[in-house]
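One-letter residues, chain by chain:
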Amino acid sequence: MQIVHHPDSVRHDPAQYFRRGSLIAHPEQAARYILLRDAARDAGHDLVEASDVGGASILAVHDAGYVAFLREAWELRGELGEVGDEILTGHFARPQMHRQPEGMLGLLGLYTADTSTPIRAGTWEAIYGSAQAAVCAAELALAQGHAYALCRPPGHHAYANSAGGFCYLNNTAIAGEHMRRATGGPVAIIDIDVHHGNGTQGIFYARDDVLTVSVHADPANYFPFFAGYADEIGTGEGAGFNRNIPVAHGAGDALWLAAVREALAAVAGHRPTALVVALGLDASQDDPIGVLQVTREGFATAAEAIAGSGLPTAIVQEGGYLCEALPRNLVAFLEAFDAARE
Ligand SMILES: [Zn+2]
């Protein structure tokens, strides 16, 4: 498997995260990139450094004002007076509040959904590099059948115009739209992260040319809480082109794999020309914030089933947090995918 990555991924490394009233170590650390990259290399996969293919594929799914904000916010931090290592707000726009403020503090609240996505000195370089990895992997997948993008920071909670849930640029959506434009045909996205891919759903919700299917822990009592329910099927022309398969917490391999197979059946029914896999590994039984109890064998079985679609496939890294099982689960997924495609 070709492992597309960008070394700038390490330039965003948030220290703290506000959870349930306490500041804790931020789960989405630069060490994830190093751990996953080195594990893939040591397992014999080929590392490919993402080249800079420009911002067009980012702007194909993201709001230009939002992207400019992400690029410029750190340089404009002086507006806030004295700041530390990062800028962040505690004031967020509610759904019924639509005005665009002028100042940096207001814009932070307009363009972010929660306190998990601070902007730091290297944040733009890291998220831009991560998006480049997604585009390069999409290109490789179309040329050679499949490729893996080691995107970090992750992307699937980012909407067209907002960051949240550790995500800034939606790498999965960027890869999907890039493949749709390249093939001219409909594209499917299957998201198996433990959390609902709410940003990806939001980006394509009114469209019939990108099918979005997400298998995730029931959001009724789990992030992202406000989206990810089975009755969210798309709107307008996109009605019928979004599918959510929430899974009961504690599900384990059998129930989770049944949901993955249901998702694959939905994908097959739409006859896409290409596939993006939003590969969160946080459904693992060992993940510090996961709740689905999936084993390494479970990930390997999912990989084999997904590879069976036969479609050009870009596998995009999403969540999956620091634990001993994290690199092992990635290697198991990639090996099983490769083996099924041989
Ligand atoms: Zn996740």
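A few points on the structure. This structure is a prediction, so every number in the text was calculated from the model and none was measured.

This part covers the pattern of salt bridges. Overall, the coordinates contain 14 salt bridges when judged by the stated rule. A salt bridge links Arg-32 to Glu-28, with the shortest nitrogen-to-oxygen separation between them at 2.7 Å. Here Arg-32 and Glu-28 have matching classes, each one buried. Close ionic contact of Asp-209 with Arg-180 constitutes a salt bridge, the shortest N to O distance being 3.3 Å. One end of the pair, Asp-209, is in the loop between helix H7 (198–204) and strand S9 (210–217); the other, Arg-180, is in helix H6 (residues 171–183), with 29 residues separating them in the sequence. For Arg-180, a relative accessible area of 18% translates into the label buried. Overlapping salt bridges, with partners in common, bring together Glu-177, Arg-180, Arg-181, Arg-207 and Asp-209 in one network.

Ranked by internal contacts, the top residues of the largest apolar core, which has 49 residues, are Tyr-148, Trp-256, Leu-279, Leu-292, Ile-306 and Phe-333. Counting residues per element, the ones that place at least two in this core are helix H1 (30–42), strand S8 (187–191), S9, strand S10 (242–247), helix H8 (252–269), strand S11 (274–279), helix H9 (296–307) and helix H10 (325–341). Excluding anything up to four places from it in sequence, Phe-333 contacts Ile-192, Val-277, Leu-279, Phe-299, Ala-302, Ala-303, Ile-306 and Ile-315. Core analysis: the next-biggest nonpolar cluster, separate from the first, contains 47 residues, Val-61, Ile-119, Ile-127 and Ala-173 among them.

What counts and how
Residues numbered from 1 in each chain as written. Predicted model: local features only at pLDDT ≥ 70, side-chain atom pairs only at ≥ 80, totals over all residues. Heavy atoms only, no water. Salt bridge = Lys/Arg side-chain N within 4 Å of Asp/Glu carboxyl O. Buried < 20%, exposed > 50% of the residue type's maximum accessible area, 1.4 Å probe, protein only. Helix = DSSP H or I, 4+ residues; strand = E, 2+ residues; numbered from the N terminus. Core = buried A, V, L, I, M, F, W, Y, C linked by side-chain atoms within 4.5 Å. Contact = heavy atoms within 4.5 Å.

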